[in-house]
Amino acid sequence: MELTGAEIVVRCLQEEGVEHLFGYPGGAVLYIYDAIYSQDKVEHILVRHEQAAVHAADAYSRSTEKVGVCLVTSGPGVTNAVTGIATAYMDSIPMVILSGQVPTHAIGEDAFQECDTVGITRPCVKHNFLVKDVKDLAATIKKAFHIAASGRPGPVLVDIPKDVSRNKCRFDYPKSVSMRSYNPVTRGHQGQLKKAVSLLLGAERPMIYTGGGVILANAAPELNRMVDLLGFPVTNTLMGLGGYRASDPKFVGMPGMHGTYEANMAMQHCDVLIAVGARFDDRVIGNPKHFAQNPRKIVHIDIDPSSISKRVKVDVPIVGDVRETLIELTTMLEDGLAAGQKQNTLGLEAWWKQIAEWRRKDCLKYKGSDEVIKPQFVVEKLWEVTGGDAFVTSDVGQHQMFAAQFYRFDKPRRWINSGGLGTMGVGLPYAMGVLKAHPEAQVACVTGEGSIQMCIQELSTCKQYGLPVKIVNLNNRYLGMVRQWQEIEYGSRYSQSYMDALPDFVALAEAYGHVGIRVEKPADVEPALRDAFGKYKDRLVFLDFITDQTENVWPMVQGGKGLTEMLLGAEDL
Amino acid sequence: MRHIVSILIENEAGALSRVVGLFSARGYNIETLTVAPTEDKSLSRMTIVTSGSDEVIEQITKQLNRLIDVVKVVDLTESPYNERELMLIKFRATGKEREEMKRMTDIFRGRIIDVSEKTYTIELTGDGGKLDAFIDALDRASILETVRTGSSGIARGERVLKV
């Protein structure tokens, strides 16, 4: 039997086990929407702006291990989606974006709602396709899912002209994909693994540094096993939080620009550093020249060869799937120890003593207050009220850093944020995506009054689908991170960072049919949170916390500085 | 340092722009680029002459390998290779210059492929340096038009770049 291209699209999604599709209709995708109408296996979630469709599908993927899928129309549908696609690309999130295109005969004629989708998205996708013949459609979608989820994951876009979705052909979904040009390496090199084992066992001042790759590879249990076997200190980057349990004393906090003193000092002063699924990003190691001043041996495990020796020269490169490689490495370590190889226990003891001393700086301490709400305090209370077990999405800015520092994640895929691209506005659509994947979970969106306004229209989507997001708005009436940089590096000239003419968020939430609560006193923080997760459990609650206007995020490594050149507080300025 | 990177890439629409886009997005330099299908029509062979430190060249080859359409990448300059470029050049040649120019073309082992009363068109192959030398030997004012293909390269001996 012959199917239309639109029916083929829907059948492909069903074959891939896709249950949720985030999207927004328009002229070029009307056949596809018609095919969606007459089935009930794939649920479509209608957002209010295409950017949110991509973010929601992105978070759907981040919080599960599935490929997130979204559908947008041609022209402005695609250009609105670009921010979302670039966000997913920077964090290597497996996604498939289906976009409509003007009919093949009209391509290149500046048709209504035409844009060069493949050209516009090329630099921010892992790969993209323009399907010119309905006969190629099923195989292309199969390839898209394969490419998105394998190797170093990433978003893949499939552009479907309107006539291709109307034309008919036989539907045959390929069982497997074979591409001569694309065969990611998954198994680490044995010789390199052996070198890593001897470096790790002999280390005097070891450090384990892991990133988003551990989360993406579902390798948290394997990482926990290796760290516990070795007894080494471990740090997780912003993208890697939850990779190792934050409640364990071996966790020294997040590294980098707003990382802990102990994590940064240990990164700099260790003699053996093993990087797992992390990429020595500028926000993590600061100035690479300064980082390279201290001699150390570096082992780097990553699925993407181009991440290795990109910013920092590595001694033992291991290209492979993080999970498989960690299993193999840990087994080799266990075998080595069983065969009588010894760890450098004396060295390790002294190293832990040194770390304890660094810890005594208590670098995350802040001055509490009975008068004014401190943003850190809100996140601490959020952690308490949710039993440390919520999914926390965030936007970008100070609130993001406070959430990363003060919500101690013990599990992977609980912390959902835009690490690479740093996209303001992701928080609310991220929470939507998480809730579609985990309808019973506690989901908090920690945000600020700047970020939340960038995708505020999604309050309407949340109403339509009954998504009980708890919005934790840390409202300091400033673009806080911009204000902080202006205070520290631009002579306190607060250019355009004051947020004037803010809406009444409580009234706004109510106007959309939600619950709004304004909190102005520290004593009211916990009761408000308890109400949000208790009394109003099934409602979206917009908690507008009026916070200290001038609180800054500490510690801070200024741009271009080295990891050990941290400012621990205003007194260091 | 100058490097010649050879690429086998799927002969798909847009494949070239993926390579070119990568170079511009990451700030790598392209001196010349040539591309054409191979004996297997589904594959194109691309030769890019670029320059950069060892670290940069390593990143270039790694980043090229990340492209889904790229089948193989080789830095030809890592071992012995042959390199050729084709130039077509049209210049003014009148009176007794014509004899002189004919002689010079012979010296460079070029071929005259078109003549008119006042011009010669010469075909010349060689590495870039030889083509530069020919241009330098001419009176600049007499050159009407130059077309160069950019370098193509192939490894010496039995090493081959094939699927």
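Residues numbered from 1 in each chain as written. Chains lettered and ligands numbered in written order. Predicted model: local features only at pLDDT ≥ 70, side-chain atom pairs only at ≥ 80, totals over all residues.

(A) Representation of the overall build of chain A in the model. Per the secondary structure count, chain A includes 22 helices and 19 strands. In terms of C-alpha radius of gyration, chain A reaches 24 Å, essentially the compact-globule figure of 25 Å for 573 residues. Expressed as lengths along the three principal axes of its C-alpha atoms, the size of chain A is roughly 70 × 60 × 45 Å. Across the 573 residues in chain A, those meeting the buried criterion constitute 55%. Within chain A, contacts between residues at least 6 apart in sequence are counted, and of these 77% link residues at least 24 apart. (Helix = DSSP H or I, 4+ residues; strand = E, 2+ residues; numbered from the N terminus. Rg over C-alpha atoms; globule rule 2.2 N^0.38 Å. Buried ≥ 20, exposed ≤ 12 C-beta atoms within 10 Å, placed from the backbone. Contact = placed C-beta atoms within 7 Å.)

(B) Highlighting the overall build of chain B. On a plain count of helices and strands, chain B comes out with 4 helices and 9 strands. Along the chain direction, N to C, the helices and strands of chain B fall in the order β-α-β-β-α-β-β-α-β-β-α-β-β. In terms of overall dimensions, chain B has C-alpha extents of about 55 × 35 × 35 Å along its principal axes. Here chain B, with 163 residues, has 25% of them falling under the buried criterion. In chain B, the proportion of contacts linking residues at least 24 apart, taken out of those at least 6 apart, comes to 73%.

(C) Focus on the confidence of the model for chain B. On average, chain B scores 96 in pLDDT, and the residues at 70 or more come to 100%. The complex prediction reports pTM at 0.97, with the ipTM value standing at 0.94. (pLDDT = per-residue confidence, 0-100.)

(D) Spotlight on the sheet that holds strand E3 (residues 43–51) of chain B. Residue and element names in this part refer to chain B. If you walk across this open sheet you meet the 4 strands as E2-E3-E1-E4, and the pairing is antiparallel. Only two strands of the sheet have a single partner each, and these edge strands are strand E2 (32–37) and strand E4 (70–75). The mean angle between the axes of side-by-side strands here comes to 15 degrees, regardless of whether they run parallel or antiparallel. Inspection of the sheet shows E2 paired to E3 by 6 bridges, in the antiparallel sense. Counterpart to valine 35 in the pairing with E3 is methionine 46. Strands strand E1 (2–10), E2 and E3 of the sheet are contacted by helix H1 (residues 15–25), whose axis makes an angle of about 145 degrees with E1. (Pairing = 2+ DSSP bridges. Axes fitted to C-alpha atoms, helices over the stretch in contact; angles between N-to-C directions.)

(E) Expanded view of the sheet that holds strand E4 (residues 68–72) of chain A. Residues and elements named next belong to chain A. Pairing is parallel in the open sheet, where 6 strands are placed in the order E3-E2-E4-E5-E7-E6. On the outer flanks of this sheet lie strand E3 (43–46) and strand E6 (127–130), each paired with one strand and no other. For this sheet the average axis-to-axis angle between neighbouring strands, irrespective of direction, equals 20 degrees. The strands that helix H6 (residues 137–149) touches are strand E5 (95–101), E6 and strand E7 (155–161); relative to E7, the one it contacts most, it runs at about 165 degrees.

(F) Highlighting helix H10 (residues 220–230) of chain A. All names here are of chain A. Inspection of H10 places Ala220, Glu222, Leu223, Asn224, Met226, Val227 and Leu230 among the buried residues, and these make up the whole buried set. Where H10 is buried, its residues meet helix H8 (190–202), strand E9 (206–210), helix H9 (212–216), strand E10 (234–236), strand E11 (272–276) and helix H14 (322–338). Of the residues one or two after H10, glycine 231 is the one with positive phi, at around 70 degrees.

(G) Spotlight on the nonpolar core. Val9(A), Ala53(A), Val96(A) and Val469(A) are the most contacted members of the largest nonpolar core, which has 202 residues in total. Once you skip the residues sitting within four places of it in the chain, Val9(A) turns out to touch Ile32(A), Ala35(A), Leu98(A), Ile141(A), Ile160(A) and Ser165(A). Residues Met87(B), Phe91(B), Met101(B) and Leu131(B) belong to the second largest nonpolar core, which totals 9 residues. (Core = buried A, V, L, I, M, F, W, Y, C linked by C-beta atoms within 7 Å.)

(H) Quick peek at the environment of Gly150(B). Residue and element names in this part refer to chain B. Inspection of the secondary structure assignment puts glycine 150 in the loop between strand E8 (143–148) and strand E9 (152–155). Take glycine 150: there are 16 C-beta atoms within 10 Å of it, and that puts it in the partly exposed class. Counting along the chain gives 116 residues from glycine 150 to threonine 34, while the straight-line C-alpha distance between them is 6.0 Å. Not counting residues within four places of it along the chain, the set of residues in contact with glycine 150 comprises Thr32, Leu33, Thr34, Val49 and Glu85.

(I) Representation of the pairing of strand E7 (residues 119–126) of chain B within the structure. All names here are of chain B. Where strand E5 (residues 81–92) and E7 come together, 8 bridges link them in antiparallel fashion. Bridge pairing in E7 places lysine 90 opposite threonine 121. Relative to E7, strand E6 (residues 111–115) runs antiparallel, the two being bridged by 4 bridges. Bridge pairing links arginine 111 to glutamate 123 in E7. The antiparallel pairing of E6 with E7 creates a hairpin that spans 3 residues between the two strands.

(J) View of the packing of helix H1 (residues 5–15) of chain A against helix H2 (residues 30–37) of chain A. All names here are of chain A. Relative to each other, H1 and H2 sit at 55 degrees, their axes nearing to 8 Å. On the basis of the axis angle, H1 is oblique to H2. Crossing of H1 over H2 shows right-handed handedness. Residue-level inspection shows Ala6, Glu7, Val9 and Val10 of H1 in contact with H2, the latter providing Tyr31, Ile32, Asp34, Ala35 and Ile36. (Parallel < 35°, antiparallel > 145°, perpendicular 65-115°, else oblique. Left-handed = near helix turned anticlockwise from the far one by under 90°.)

(K) Highlighting the pairing of E5(A). Residue and element names in this part refer to chain A. By the criterion of burial, E5 is predominantly enclosed, with 7 of the 7 residues buried. Every second residue of E5 is oriented toward a common face, with Met95, Ile97, Ser99 and Gln101 on one face and Val96, Leu98 and Gly100 on the other, all of them buried. By the bridge criterion, 5 bridges tie E4 to E5 in an arrangement that is parallel. Each residue of the ladder has a partner; that of valine 72, found in E5, is serine 99. Read as a crossover between parallel neighbours, the route from E4 over helix H4 (residues 76–90) to E5 is right-handed. In terms of strand pairing, E5 meets E7 through 7 bridges, oriented parallel. (Right-handed = clockwise from strand over helix to strand, strands pointing away.)

(L) The arrangement of unusual backbone geometry in detail. Residue and element names in this part refer to chain A. The step from tryptophan 554 to proline 555 runs through a cis peptide bond, and the omega angle for that step is -10 degrees. Locating proline 555 in the fold gives a position in the segment after strand E19 (541–546). Its identity as a non-glycine residue notwithstanding, asparagine 218 has a phi of 55 degrees, on the positive side. Among the structural elements, asparagine 218 can be located in the loop between H9 and H10. Note on asparagine 218: 13 C-beta atoms within 10 Å, which makes it partly exposed.

(M) Local environment of the environment of Pro527(A). Residue and element names in this part refer to chain A. Among the structural elements, proline 527 can be located in helix H22 (residues 525–533). Note on proline 527: 14 C-beta atoms within 10 Å, which makes it partly exposed. Once the C-alpha coordinates of proline 527 and alanine 56 are considered, the two residues, 471 residues apart in sequence, prove to be 29 Å apart.

(N) Summary view of the environment of Trp351(A). Residue and element names in this part refer to chain A. For tryptophan 351, the location among the structural elements is in helix H15 (residues 345–359). Taking the C-alpha atoms as reference points, tryptophan 351 and proline 206, separated by 145 residues in sequence, lie 8.2 Å from one another. For tryptophan 351, the contacting residues outside a window of four places in its chain are Glu204 and Arg205.

(O) Structural context of the packing of helix H16 (residues 375–385) of chain A against helix H17 (residues 398–406) of chain A. All names here are of chain A. At a minimum axis separation of 9 Å, H16 and H17 run at an interaxial angle of 45 degrees. Considered as vectors, H16 and H17 are oriented oblique to each other. The handedness of the crossing between H16 and H17 is right-handed. Contacts between H16 and H17 involve Pro375, Gln376, Val379, Glu380 and Trp383 from the first element and Gln398, His399, Phe402, Ala403 and Phe406 from the second.

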